[in-house]
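An overview of the molecular structure
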Amino acid sequence: MTARAALAVALVALVCSATGLADAAGNAVSAAVSSRTTVKLSKNGKLSAAIIPTVARARNASKLGGRSATDLTLTCPANTVDLGTWCLLSGSYPVDPKDSGKNDYFFATQACVALGGYLPTAAQLIGAASRVKLASTITDNDSAAGIDEDATDGLKDKREMSATLVTTAAGSSAAGSEGVSTGSRGDPRAGEPDPTPQPANPAPDTLQYVTVYDNGDKGGFAGSQPVSAPQSFRCAFDKQQGAATNEIG
């Protein structure tokens, strides 16, 4: 048995030498020899891995840049629904009472970016209708959609904003205009005349965002509203590295 053990140790040392673990194997063999320890083989004649220590590089091989697999796993932020490659707030963005009536398209897009996300498109919201309780009509199923249930201020059908924009008139001016600032000058080298000052129109009523509603988990279009009109909304997010807390879905 001792001869077989010695042969097995020699073979392990040879293999380790070819795979970059020569130092570890050598140390293990030296320790076994110097301590005159009898190396026992398993029932199937194999050497136990317990006698060979894990070298520093091997211990670090289970991590990347010092991070574990959990650290590198893509997950959704808290209070969002996991929709595969992206995430969506499980409920409407909580508008502060002091900002009530200010939650137009500009407010919504900036609020979502401030959270590290973005305003979802109509396609994304409708695609998520079966997984998320989107705003909907008072006749929809309250267990699968967000409906108005507070009769103290009346009962109204609900809808929510998307990032999808449409224009309700023809021409480039239908999408807004930065105008022409007073003091603008033409290029004298090209013989250009000074442009006529024009007022800016950054939020035209002709530029509108598409609204959607749950529609019995099928999703539906609920018309469009001017970009300056307030409306409830929710934010979308790309998945993040690391474990999430309070993740929904």
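Here, every reference points to the structure presented above.
As the structure is a computational prediction, the values presented were derived from the model and not from experiment. (Residues numbered from 1 in each chain as written. Predicted model: local features only at pLDDT ≥ 70, side-chain atom pairs only at ≥ 80, totals over all residues. Heavy atoms only, no water.)

Attention now goes to the pattern of salt bridges. Across all of its chains, the model carries five salt bridges by this definition. Residue Asp82 pairs with Lys239 through a salt bridge whose shortest N-O separation is 3.1 Å. Remark: Lys239 occurs in the loop between strand S7 (236-238) and strand S8 (240-241) and Asp82 occurs in strand S2 (residues 80-82); sequence separation between them is 157 residues. Lys98 is the partner of Asp99 in a salt bridge, and the nearest nitrogen-oxygen pair spans 3.4 Å. According to the relative accessible area criterion, Lys98 is exposed, its value standing at 61%. (Salt bridge = Lys/Arg side-chain N within 4 Å of Asp/Glu carboxyl O. Helix = DSSP H or I, 4+ residues; strand = E, 2+ residues; numbered from the N terminus. Buried < 20%, exposed > 50% of the residue type's maximum accessible area, 1.4 Å probe, protein only.)

Okay, the pairing of strand S6 (residues 220-226) next. Pairing of strand S5 (residues 207-213) with S6, which is carried by five bridges, proceeds in the antiparallel orientation. Counterpart to Tyr209 in the pairing with S6 is Gln225. Counting the residues in the hairpin turn of S5 and S6 gives six residues, including Asn215, whose phi is positive at 55°. (Pairing = 2+ DSSP bridges.)

What follows concerns helix H5 (residues 105-114). Those residues of H5 lying buried are Tyr105, Phe107, Ala108, Ala111 and Cys112. Along H5, the residues classed as buried sweep out an arc of 160° about the axis, all on the same side. Within H5, the exposed residues directed more than 90 degrees away from the buried face are Gln110, Val113 and Ala114. Buried residues in H5 make contact with strand S4 (160-167) and S5. (Arc of directions from axis to C-beta. Contact = heavy atoms within 4.5 Å.)

When its relative accessible area of 19% is taken as the criterion, Asp82 is described as buried. Of the polar contacts made by the side chain of Asp82, one reaches the side chain of Lys239; its length is 3.1 Å. (Polar contact = N/O pair within 3.5 Å; in protein donor to acceptor, adjacent residues only side chain to side chain.)

What follows concerns the pairing of strand S3 (residues 86-89). Neither face of S3 is open: one carries Trp86 and Leu88, the other Cys87 and Leu89, and all of them are buried. Note that S2 and S3 share three bridges and pair antiparallel. By the bridge assignment, Val81 is partnered in S3 with Leu88. Joining the antiparallel neighbours S2 and S3 is a turn of three residues, in which Gly84 adopts a positive phi near 95°. Pairing geometry for S3 and S7, over three bridges, is antiparallel. Note that in S7 the partner of Cys87 across the bridge is Phe237.

With that out of the way, let us pick up the state of the cysteines. Summed over all chains, the structure comprises two disulfides. Here Cys76 engages in a disulfide with Cys87; their sulfurs sit 2.2 Å apart. In this structure, the disulfide formed by Cys76 and Cys87 twists by about -85° around the S-S bond and is classed as left-handed. Note that Cys76 is positioned in the loop between strand S1 (74-75) and S2 and Cys87 in strand S3, a separation of eleven residues in sequence. Judged by relative accessible area, Cys76 falls into the buried class, the value being 1%. There is a disulfide in this structure between Cys112 and Cys235, and the S-S distance comes to 2.1 Å. Where Cys112 bonds to Cys235 through sulfur, the torsion about that S-S bond is close to -85°, and the disulfide is left-handed. Placement of the pair is Cys112 in helix H5 and Cys235 in the loop between S6 and S7, with a sequence separation of 123 residues. A single burial state applies to Cys112 and to Cys235, both of which are buried. Cysteines bonded in the protein are numbered consecutively along the chain; their disulfide partners then correspond to 1-2, 3-4. (Disulfide = S-S within 2.5 Å.)

It is worth spelling out the packing of aromatic side chains at this point. Given two aromatic rings, their pairing is described by the distance between the two centres and the angle made by the two planes. All chains considered together, the criterion is met by four aromatic pairs. On the basis of an interplanar angle of 80° and a centroid distance of 6.4 Å, the ring pair of Tyr93 and Phe107 is categorised as edge-to-face. Of the two residues, Tyr93 sits in the loop between S3 and H5 while Phe107 sits in helix H5, which places them 14 residues apart along the sequence. Aromatic side chains Phe107 and Phe233 sit 6.3 Å apart centroid to centroid with 70° between the ring planes, which places their arrangement in the edge-to-face category. Of this pair, Phe107 sits in helix H5 while Phe233 sits in the loop between S6 and S7; the two residues are 126 residues apart in sequence, bridging distant segments of the chain. One exposure class covers both Phe107 and Phe233, and it is buried. Through a chain of ring-to-ring contacts, three or more aromatic side chains come together here, namely Tyr93, Phe107 and Phe233. (Phe/Tyr/Trp six-rings, centres within 6.5 Å; stacked < 30°, edge-to-face > 60°.)

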